[in-house]
Amino acid sequence: MIDLPAPKPDVMARRDEILAGLQAVLPGDGIIVEPARVKPYETDGLSAYRQPPLAVALPRTTEEVAAILAFCHRNGVRVVPRGAGTSLSGGALPLADSVVLGLMRMNRILEVDYANRLAVVEAGVTNLGITNHVAADGFFYAPDPSSQLACMIGGNVNMNSGGAHCLKYGVTANNLLGLKGVTIEGEVFEVGGRHLDAAGYDWLGLLTGSEGQLAVITEVTVRILHAAEGQRAMLAAFRANEVAGQAVDAIIASGIIPVALEFMDRPAIHACEAFAGAGYPLDAEAMLIIEVEGSTEEQDMLLGRLKEICERFDPISLKVAETAEQSLAIWKGRKGAFGAVGRISPDYLCMDGTIPTGQLPFVLKRIGEMSASYGLQVANIFHAGDGNLHPLIMFDANDPKSFHDAEQFGADILTLCVEVGGCLTGEHGVGVEKRDLMTVQFTPFELDQMRALKTAFDPEWLLNPAKVFPLKDNPGLRQAA
Amino acid sequence: MSETLAPADEAGVSAAVAAAAAAGEPLAIEGRGTKRGLLRPVQAARTLSLRRLSGITLYRPQELILSALAGTPVPEIEAALAERGQQVIAEPPVLAAIFGGSEPPTLGGLVATNLSGPRRITAGAMRDHVMGIRAVNGLGEVFRSGGRVLKNVTGLDLCKLLTGAHGTLGVITEVTLKVLPAAERSGTLAVTVPDLATGVRALSAGLGSPYGVSGAALLPGEAPRAVLRIEEFAESVAYRLGRLREALGRFGDVALIEDAGSRELWRGIREAEPLGADAEDAVWRVSVEPTAGPGVVAAAGLPRALLDWGGGLVWLAGPATAESHRRVMAAARAAGGSFTLFRAPEPLRAALPVLPEEGPVLAGLRDRIRTVMDPRGILNPGRMYAG
Ligand SMILES: Cc1cc2nc3c(=O)[nH]c(=O)nc-3n(C[C@H](O)[C@H](O)[C@H](O)COP(=O)(O)OP(=O)(O)OC[C@H]3O[C@@H](n4cnc5c(N)ncnc54)[C@H](O)[C@@H]3O)c2cc1C
């Protein structure tokens, strides 16, 4: 189990009083304390770590959020904000002395404005819920994490989540206009609005991706876009990772930016094929799924050019979808990747580093060597256009050594990502998982300065503490204990 | 004229800032000073110029990444990108027509002011494409944020915090940008509309279509023209303009402006030339939700206006008086938007709020953040807010 700061003795000693106080702030069904009902909140998408909190608060309005935060602040109680709890980095993992502040009951779509291409939604609306709400009118909310059925916009904002189509449409930060939030003191504020580039400091940019460290977000104004006329995919398989990498370079150099450009290595191809039977070439070392958008003629034109480019690299297999159904078939294996790996190994860690795309062959080679030396299998899925690499490390959770090795293997991969010029996390966030690796990417001074910015928002370090920043020698937490 | 320090490298910048911090002496931070007239005048005996930190330090066209030192002239970067068929995504303006002067803007100044052009409406602002930054804080300490990859959520995003902070939170020494291929072809439809409100409806119809409109401006005048741009491969430009033309006919007569004409038109819009600001005019930039743009023009009641970003970016020009400014502020506030006093004589800029006041919560956070980044208050003091 990961190290968490010791529970605050004063809070633990006053447990009953604090729970009664919370219930007075949110009467009715707003506070959950019974262990059986608290249990679902003890972990998130990184389920290797579990810790039941003191209580769970489920407010329905911004005012209720403010009241809970003001109460917790007055009483020195730590707060862990939570959306759907799909974080893969343990960002929503509770602390024993914390109140989990769940936003899921704030799930109303407040307004859709097509003329201004925006929607105002509460933090607990799911990512896909926004798109579903506007899809009949041809619109969509662009960032599409694979977890979009479950994950919530408040979680997306705090993780700055990406998706398969962010090469063209950007990540969460690029698709927001405004936020309503509450400080740890319980003060409500708004940043941005319904317009672009509000003058003043970029509060919107600072809060996005802040992993619940700075404030609790209760409302989000997102941009919505009209969907393209259609999309279609192609598949190209190659003899070596290097060759697939060269094909990616040639595509970008041609001036075409596909909406999606996904790379799978041999183990990923095999896992997905065994699971989904999508017709992936099993003799390939590397495979690309490339998707373009536009009218049927535009798709033909772009896919024609892409096919020509891929042909220069002596592909083992090249399939251009002729229809939407064929396109879905190409995606079928990739979309089932998590399930596929789950079938080979019930337990796996999904890593998330970013590398300069040119370093891919080298990094995959090194990962292969590490896999052999740890004796753990790994499958690699890569957003090839933007360098975001997702190694899935398979292990056996019943064997403590296997889990420990998997964690160490993951840390080695992320360290390698930084060494080749990349970073620890492209879209899943630091959370608890990578917090102690932050010293690999940042200097002590850089970390101190970021901690001081957190302190500016949250002087007592009550908001989602023990995440993002290394636990060791953390002045914020020493102060709080 | 104040004394100018022009260190040759980041270590020199750091030393200059550390010395100023120790002495408690404010510094005016600039690249080549092309936006010196923007926002409030800075009271500082010394200017710290980044002009000697110049040059592209990394360019990987296949990785869509370019890094350059803060003092690098933007035209130099654009030329290097053009050689490989790429461009700065946000189409940033130079604004020589507004601020005068013949110096080129620098990358650091561009990022510090977060100025974006017409393509901002669909492709994002400068702040959306700053992937990495190196900077010196108000004590002279060097720090980095982000990196040289396109996707990065590691730690707090200080790239965004510094972009648009007008040099008040740190002296930017190097920037890494995401870049993209430039489109093969440009094409524009110009719709002659009866009034501005109809014009914005035409722009909304285009921006709410599947055709990827990459510029949507409204040129006022007796017969206002709504102009909508497509930038794509040649086949796509022809096809999409054809479809858009069908959709826009109901708003007014539609004319086609082909490649070269389209590029020239949008170069002008990017530079706010159709605004036609007089030499004596003050200039404002107001940002509101697009449908509120025409109302802002009417409420401000100033003689000259130009709308971009689908109607949401309102350029205004008129008499440089406190009364004009009061009307612009009121119009922006009523529309729930934001304003910038973009150009005005120095006494006016010094006496007026050049940006909207933020509420007490944000004002408090702003002070605390400035205390973290610049505890002695020496970086461009007073540039954004008085006191
Ligand atoms: C199968 C699977 C696939 C995934 N695919 C992707 C993917 O493609 N791309 C991607 O980017 N991520 C992906 N993720 C990760 C995860 O879904 C995202 O990080 C998501 O944004 C988390 O949203 P959530 O609502 O579940 O937030 P949670 O997990 O509940 O919380 C995430 C973090 O945000 C904080 N937080 C949540 N809500 C608020 C709020 N309102 N105010 C303040 N802080 C808050 C929490 O404290 C926590 O630190 C995937 C996860 C799974 C399980």
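In case you missed it, the structure is sitting above this.
Reference entry: report on the structure contained in this document.

Quick notes on the rules
Numbering of residues starts from 1 in every chain and runs along the sequence as written. Each chain takes a letter, starting from A, and each ligand takes a number, starting from 1, following the order in which they are written. The predicted nature of this model means local features are confined to residues of pLDDT at least 70 and side-chain atom pairs, given and counted, to a pLDDT of 80 or more, with totals for whole chains, interfaces and linings taken over all residues. Just so you know, side-chain values use all the structure's heavy atoms and leave hydrogens and water out. Relative accessible area decides the class of each residue, using a 1.4 Å probe on protein chains only: under 20% of the type maximum gives buried, over 50% gives exposed, and in between gives partly exposed. Only runs of H or I of at least four residues qualify as helices and only runs of E of at least two qualify as strands under DSSP, and these elements are numbered from the N terminus. When DSSP finds two or more bridges between a pair of strands, those strands are recorded as paired. To get an axis, a line is fitted to the C-alpha atoms, and for a helix only the part in contact is used. The angle between two axes follows their N-to-C directions and goes from 0 to 180 degrees. Only heavy atoms matter for contacts: two residues are in contact if any of them lie within 4.5 Å across the pair. As a working definition, buried area equals the accessible area (1.4 Å probe) given up by two parts on being put together, with both sides summed. Think of a salt bridge as a Lys or Arg side-chain nitrogen and an Asp or Glu carboxyl oxygen that are within 4 Å of each other. Any N or O atom pair separated by 3.5 Å or less is treated as a polar contact, with the protein-specific requirement of one donor-capable and one acceptor-capable atom, and with residues adjacent in sequence counted only for side-chain atom pairs. All residues other than Ala, Val, Leu, Ile, Met, Phe, Trp, Tyr, Cys, Pro, Asp, Glu, Lys and Arg, Gly among them, are scored as polar; the first ten of these are nonpolar and the last four charged.

### Quick word on the pairing of strand E5 (residues 65-69) of chain B
Residues and elements named next belong to chain B.
- By the criterion of burial, E5 is predominantly enclosed, with four of the five residues buried.
- Direction of pairing for strand E4 (residues 56-60) relative to E5: antiparallel, over a ladder of four bridges. When the sheet's bridge partners are listed, Leu-58 is paired in E5 with Ser-67.
- Linking E4 back to E5 in an antiparallel pair, the connection comprises four residues, with Leu-64 at a positive phi of about 60°.
- By the bridge criterion, five bridges tie E5 to strand E9 (residues 171-181) in an arrangement that is antiparallel.

### Points about the sheet that holds strand E3 (residues 46-49) of chain B
All names here are of chain B.
- Pairing is parallel across the open sheet formed by three strands, whose spatial order is E1-E3-E2. The open sheet has two free edges, formed respectively by strand E1 (3-5) and strand E2 (27-30), since each of these has just one partner strand. Strand-to-strand twist across the sheet, computed as the mean angle between neighbouring axes with direction ignored, equals 30°.
- In this structure, E1 lies alongside E3, joined through three bridges in parallel fashion. Bridging across to E3, Glu-3 finds its partner in Arg-46.

### Observations regarding the environment of Ile-89 of chain B
All names here are of chain B.
- Residue position: Ile-89 is located in the loop between strand E6 (86-88) and helix H3 (96-99).
- Sequence spacing of Ile-89 and Ala-182 is 93 residues, and the spatial spacing of their C-alpha atoms is 8.4 Å.
- Beyond its immediate chain neighbours, meaning those up to four positions away, Ile-89 contacts Arg-119, Ala-123, His-129, Lys-178, Val-179 and Leu-180.

### Regarding the interface of chain A and chain B
- At the interface, 88 residues of chain A touch 76 residues of chain B.
- Taking both partners together, chain A and chain B bury about 6,500 Å²; carbon and sulfur atoms supply 59% of that area.
- By the criterion of area lost to chain B, the three top residues of chain A are Arg-117, Tyr-201 and Trp-203 of chain A, representing 12% of everything that side buries.
- Taken together, the connections running from chain A to chain B amount to eight salt bridges.
- The closest approach of N and O atoms between Asp-202 of chain A and Arg-127 of chain B, which form a salt bridge, is 2.9 Å.
- Linking chain A with chain B are 27 residue pairs in polar contact (both at pLDDT 80 or more), by the criterion used here.
- Among the secondary structure elements, those contributing two or more residues to the side of chain A that touches chain B are helix H7 (166-169), strand E9 (188-192), helix H8 (203-207), helix H9 (241-253), helix H11 (296-311), helix H16 (438-441) and helix H17 (444-457) of chain A.
- When residues of the side of chain A that touches chain B are assigned to their parent elements, the largest contribution, nine residues, is made by H17 of chain A.
- The class makeup of the residues in the side of chain A that touches chain B is 39 nonpolar, 31 polar and 18 charged.

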